[in-house]
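Letter by letter, the chains look like this.
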Amino acid sequence: MKKTIVILITVLMLAAVFAGCKDDGNIYEESDYDNVSVYTPEVNESETEGENSVSLTGEIVVKDKIYVYGEKKAVIVTVENNTNKNYSVTLSGSFLDGDGNVVSTEEQTFNQYSAGYSGYFLFTPDIEFETFSCTIDTDETDGPFHAKDIVLKFHGLEETLNYNMNDAEFAAGDHNKYPTLNARFSAAYKGSAEELKIGVLWVMINENDEIVDIIAKDPRPHPGGEEDHQSYHICQSTDGPLEWPEEWQGDIKAIPVVGIVTESQDELIDWINEYVY
């Protein structure tokens, strides 16, 4: 049974910042939120009857933060399912101007909120807006739930020698290796699904709290916890030492927004077509 409740927004003036960057695979938790709200899913009394019924305990916590992203803004929403129930979660975001008028809305659903699971939603509206608010819908479901068994890591930035990133120059015969700046990620899966497909948007945030890039990846970790490592080439120099772009210098943080977890190749392709191409 799906239930809806409006999240009452409370603006928090917090002074905390992100944890420092370490090359140990840590994922960075937001701590300086614009809004934090607590939601208790409604329960149909008929669903609590019977020998196998379980009473709801705990709450769902929703936190959001607006970031500068190029010439526009983006919103990262953290949703923590601190209940003992399993849900599909839908967020309906509203983007407001300086006068409090809604200029656009967007709805997103992620069906992997098993009990205890915490994850992120990413909103990147191509519009100007000042503030953000949202409502949450929860639909109790039986899964299957694979996201809880996925371990995502950001291993930092590194400079390596890579083949020419210019396809035309490489095709013309330039097979030399040049200094290249890379972001390094890994994914592991501790569950048992044999053909699990994952779509992840890595949100890269610099020490000025600006989103410098959103990197789409579809890692293919094998059951049993073996890591699948991936890299993303940020930039390259073919005529001398590599100078790291200013926006990529300092403490770089990464937040993984898991967009899809499925055993269907077609569903993954649909996600890739929407978010990558």
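Everything quoted here is computed from the prediction, not taken from an experiment.

## Focus on the overall build of the protein
On a plain count of helices and strands, the protein comes out with two helices and 14 strands. The 277 residues of the protein split such that 43% are buried. In the protein, the proportion of contacts linking residues at least 24 apart, taken out of those at least 6 apart, comes to 71%. In the form shown here, the protein has an accessible surface area of approximately 14,400 Å², with 45% of it arising from carbon and sulfur atoms.

## With respect to the side chain of Thr 180
Tracing the backbone through its elements, the reader meets Thr 180 in strand 10 (residues 177–189). Given the relative accessible area of 0%, Thr 180 is considered buried. Among the polar contacts made by the side chain of Thr 180, one reaches the side chain of Gln 236 at a distance of 2.8 Å. The residues contacting Thr 180, other than those within four sequence positions of it, are Glu 158, Glu 159, Thr 160, Asn 162, Met 165, His 233, Cys 235, Gln 236 and Leu 242.

## As for the sheet that holds strand 13 (residues 228–236)
Strand order in the open sheet made by the three strands is 9-10-13, with antiparallel pairing throughout. Each edge of the open sheet carries a strand with a single partner, namely strand 9 (150–163) and strand 13. Strand-to-strand, the axes of this sheet are offset by a mean angle of 25°, without reference to chain direction. Pairing between strand 9 and strand 10: twelve bridges, direction antiparallel. Paired with Thr 160 across the two strands is Thr 180, which belongs to strand 10.

## Details of helix 2 (residues 265–275)
Every buried residue belonging to helix 2 is among Leu 268, Trp 271 and Ile 272, and all of these are buried. For helix 2, the angular spread of the buried residues around the axis is 100°, confining them to a single face. Turned more than 90 degrees away from the buried face of helix 2, the exposed residues are Asp 266, Asp 270 and Glu 274. Buried residues belonging to helix 2 abut strand 11 (197–205), strand 12 (210–217) and strand 14 (253–262). One side-chain oxygen at the N-terminal end of helix 2 lies 3.4 Å from the backbone nitrogen of Asp 266; it belongs to Ser 264.

## Notes on the environment of Phe 170
Turning to its location among the elements, Phe 170 is positioned in helix 1 (residues 167–171). Setting aside residues no more than four positions away along its own chain, Phe 170 makes contact with Tyr 163, Asn 164 and His 175.

## Re the pairing of strand 6 (residues 102–113)
Bridging between strand 5 (residues 87–96) and strand 6 involves nine bridges; their strand directions are antiparallel. Within strand 6, the position partnered with Ser 94 by the bridge is Thr 105. Hairpin connection from strand 5 to strand 6: five residues lie between these consecutive antiparallel strands, with Gly 100 at a positive phi of about 85°.

## Details of unusual backbone geometry
In this structure, the amide linkage connecting Gly 143 to the following residue, Pro 144, adopts the cis form with an omega of 15°. Take Pro 144: it is sitting in the loop between strand 8 (131–140) and strand 9. A positive phi angle, near 60°, is found at Asp 209, a position not held by glycine. Within the secondary structure, Asp 209 sits in the loop between strand 11 and strand 12. Residue Asp 209 is classed as partly exposed on the basis of its relative accessible area, which comes to 25%.

## Overview of the packing of aromatic side chains
Taken as a whole, this structure holds eleven aromatic pairs when the rule is applied. When the ring of Phe 110 is compared with that of Tyr 113, the centres are 5.9 Å apart and the planes differ by 90°; the resulting orientation is edge-to-face. Across the pair, exposure class does not vary: Phe 110 and Tyr 113 are buried alike. Seen in terms of ring centroids, Phe 185 and Trp 202 are 4.5 Å apart; in terms of plane orientation they differ by 25°. Their pairing is stacked.

## Quick look at the pairing of strand 12
Across two bridges, strand 3 (residues 60–69) lies against strand 12 in parallel orientation. Residue Val 68 lies in a different strand from strand 12, and its bridge partner there is Glu 210. Alignment of strand 11 against strand 12, held across six bridges, turns out to be antiparallel. Bridged to Val 200 within strand 12 is Lys 217. Linkage of strand 11 to strand 12, two consecutive antiparallel strands, is achieved through a turn of four residues, within which Asp 209 is found at a positive phi near 60°.

About the thresholds
Residues numbered from 1 in each chain as written. Predicted model: local features only at pLDDT ≥ 70, side-chain atom pairs only at ≥ 80, totals over all residues. Heavy atoms only, no water. Helix = DSSP H or I, 4+ residues; strand = E, 2+ residues; numbered from the N terminus. Buried < 20%, exposed > 50% of the residue type's maximum accessible area, 1.4 Å probe, protein only. Contact = heavy atoms within 4.5 Å. Areas by Shrake-Rupley, 256 points an atom, 1.4 Å probe, with all protein chains shown as cover. Polar contact = N/O pair within 3.5 Å; in protein donor to acceptor, adjacent residues only side chain to side chain. Pairing = 2+ DSSP bridges. Axes fitted to C-alpha atoms, helices over the stretch in contact; angles between N-to-C directions. Arc of directions from axis to C-beta. Phe/Tyr/Trp six-rings, centres within 6.5 Å; stacked < 30°, edge-to-face > 60°.

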